[in-house]
Amino acid sequence: MKIRYCWRCRTDMPMLDSEEAAIAEKFLAEGFQNAKNMMRAPVSENFRKLLDYYKETTGYEETNPNAVMHHFVDLYGPDCENCGKPYRTNKAAFCPKCGNKRDLP
């Protein structure tokens, strides 16, 4: 787990590393299976394992399973050399926060 800036949330958020993300993806799949089997259950109940895992791992209580799925370290690029916010992707050449342009290999 690592604290990084999230462009969607517009704040620093706990992000899951690749091993933690793999476990979260497993819980997400289980949540969709639960949703198929229990059509009238609330979304939060179908994805309870995912939300509980995120809280246990990060200490942050998230209520939206979709938010957990975009809090993966590997989804974002390296930190901007100018402002320190992560680039939105590994291939991004422009930092939307400060306008810094980086050279890509």
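Calculation notes
- Residue positions are given per chain, counted from 1 along the sequence in the order it is written.
- Predicted model: local features are reported for residues with pLDDT of at least 70 only, side-chain atom pairs are reported and counted for 80 or more only, and whole-chain, interface and lining totals are derived from all residues.
- Heavy atoms from the whole structure form the basis of all side-chain values; hydrogens and water molecules are not counted.
- Helix and strand labels come from DSSP, where a helix needs a run of H or I of at least four residues and a strand needs a run of E of at least two; each type is numbered from the N terminus.
- All accessibility values rest on the Shrake-Rupley procedure with a 1.4 Å probe; residue burial counts only the protein chains present in the view.
- The convention is simple: Lys and Arg are positive, Asp and Glu are negative, and His and the chain ends are not counted.
- Every charge is mapped to an atom, namely NZ of Lys, CZ of Arg, CG of Asp or CD of Glu.
- A pair of aromatic rings is counted whenever rings of Phe, Tyr or Trp (Trp by its six-membered ring) have centres within 6.5 Å, and the orientation is called stacked for planes under 30 degrees apart, edge-to-face for over 60 and tilted otherwise.
- Summary of the burial criterion: residues with accessible area below 20% of their type's maximum are buried, those above 50% are exposed, and those between are partly exposed, where the area comes from a 1.4 Å probe applied to protein chains only.
- Should the NZ of a Lys or the CZ of an Arg lie within 6 Å of a ring centre and within 35 degrees of the ring normal, that charge is described as sitting over the ring.

**Let's talk about the overall build of the chain**
Here is step 1 of the chain: From N to C terminus, the chain includes 4 helices and 2 strands.
Here is step 2 of the chain: Ordered by position from N to C terminus, the α and β elements of the chain give β-β-α-α-α-α.
Here is step 3 of the chain: Principal axes of the C-alpha set define a box for the chain whose edges measure 50 × 25 × 25 Å.
Here is step 4 of the chain: Carbon and sulfur atoms form 49% of the exposed surface of the chain, whose accessible area is close to 6800 Å².
Here is step 5 of the chain: Taken together, the 16 basic and 15 acidic charged side chains of the chain have centroids lying 7 Å from each other.

**Observations concerning the packing of aromatic side chains**
Here is step 1 of the chain: Per the counting criterion, the structure on display carries 4 aromatic pairs.
Here is step 2 of the chain: With a centroid separation of 4.9 Å and 80 degrees between ring planes, the pair formed by Tyr5 and Trp7 is classed as edge-to-face. Residue Tyr5 shares its accessibility class with Trp7, and that shared class is buried.
Here is step 3 of the chain: Note that Arg88 overlies the ring of Trp7, its terminal NZ or CZ placed 5.0 Å from the centroid.
Here is step 4 of the chain: A cation over an aromatic ring shows up here: Arg102 above the ring of Tyr87, its NZ or CZ 4.4 Å from the ring centre.

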